[in-house]
Amino acid sequence: MLNSLTKRCSRAINKTLLASGAALSMTALLGAINTAHAEPTGYDQLTFNTEVKADIANDEVRASLYKKAQAKDAKSLARDLNSSINAAMVIAKRYPSVTVKTGQQNTYPRYDKDDKIIGWTGQANIELKSTDFAATSQLIADLQNTLVMGDLSFGVSEPKKDELERQLMSRASKAFQDQAQNLSAAWSAKGYRLISVNLNTGSNYPRPMYGAMMKSQAMDQSVPAQNFESGDSTITVTASGTIELIK
């Protein structure tokens, strides 16, 4: 009696397992077919790009100033350059809203017609960066009593740039999808399959006109602060990729 019951249970379990196995096998087969069907064929592929851009006001100023000097020996030259840069750093500490760091420092010998060293020439730089235009302009004026203006440029601060780029990435992605749908319709396709897409960012920082006023007055007793006109920058995001048309 017990053996008979055990056999009937065993047969029922085996049937269930066989049915489950068949179902699992069929599911796996259908999944494989669908996967194979979803794979790109390599045909009817289109590659294109879309671009979105926006202008944004520059909110950051960068400047570099330098001290150039000559001396008969390298040690005296280094002492002169270091003294000037150290004094400039002391002045810069009065303006906490301006980030200041020392830049490149180069020293090279001077030769006479017989290729003998007759002295040394050197240059030391400091670099400024800030979103406080008024403080930076005044600091530059103060520093030009002993240093010379080397470069002045404007751009967009990283937090402001990152926020705009995030917005433009969304717009570029949407524009890419819209173009993909338009191309699919133009080619009488049922739809499209995305093969690849890349988002790239770019910036255009036009340099404002900057006269020689500060350079020419570099050694004056007092140099007036300049009113900055920072201008605008253009931030660009490009979406480029490939789609495959579904016929």
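Residues numbered from 1 in each chain as written. Predicted model: local features only at pLDDT ≥ 70, side-chain atom pairs only at ≥ 80, totals over all residues. Heavy atoms only, no water.

### Details of helix α3 (residues 133–143)
- Those residues of α3 not exposed but buried are A135, T136, S137, L139, I140, A141 and L143.
- Capping the start of α3 is the job of one residue whose side-chain oxygen sits 3.4 Å from the backbone nitrogen of A134: D132. (Buried < 20%, exposed > 50% of the residue type's maximum accessible area, 1.4 Å probe, protein only. Helix = DSSP H or I, 4+ residues; strand = E, 2+ residues; numbered from the N terminus. Polar contact = N/O pair within 3.5 Å; in protein donor to acceptor, adjacent residues only side chain to side chain.)

### Re the sheet that holds strand β6 (residues 191–204)
- The three strands are arranged β1-β7-β6 in an open sheet whose pairing can be described as antiparallel. Each edge of the sheet is formed by a strand with only one pairing partner; in this case those strands are β1 (45–57) and β6. Averaged over neighbouring strand pairs, the angle between their axes works out to 15 degrees when direction is ignored.
- Here β6 pairs with strand β7 (residues 232–246) via 13 bridges, running antiparallel. From the neighbouring strand, S196 faces β7, where its bridge partner is T242.
- Lying on the sheet, helix α4 (residues 158–186) is in contact with β1, β6 and β7; it crosses β1 at an angle near 145 degrees. (Pairing = 2+ DSSP bridges. Axes fitted to C-alpha atoms, helices over the stretch in contact; angles between N-to-C directions. Contact = heavy atoms within 4.5 Å.)

### So, α4
- Its 29 residues place the ends of α4 41 Å apart at the C-alpha level, agreeing with the 42 Å of an ideal helix rising 1.5 Å per residue.
- Three or more residues of α4 are buried, namely K161, L164, E165, L168, A172, F176, A180 and S184. (Expected span 1.5 Å × (residues − 1).)

### Things to note about the pattern of salt bridges
- Counting across every chain of the model gives six salt bridges.
- The salt bridge partner of E51 is K53, with a shortest N-O separation of 3.5 Å.
- Given a relative accessible area of 48%, E51 falls into the partly exposed group.
- Relative accessible area serves as the criterion here: at 48%, K53 is assigned to the partly exposed category. (Salt bridge = Lys/Arg side-chain N within 4 Å of Asp/Glu carboxyl O.)

### Looking at unusual backbone geometry
- You will see that D44, though not glycine, has its phi angle at about 55 degrees, which is positive.
- With respect to the element layout, D44 can be found in the loop between α1 (2–38) and β1.
- Residues other than glycine seldom take positive phi values, yet D115 does so here, at roughly 65 degrees.
- Here D115 lies in the loop between β3 (99–111) and β4 (117–130).
- Judged by its relative accessible area of 62%, D115 falls in the exposed class.

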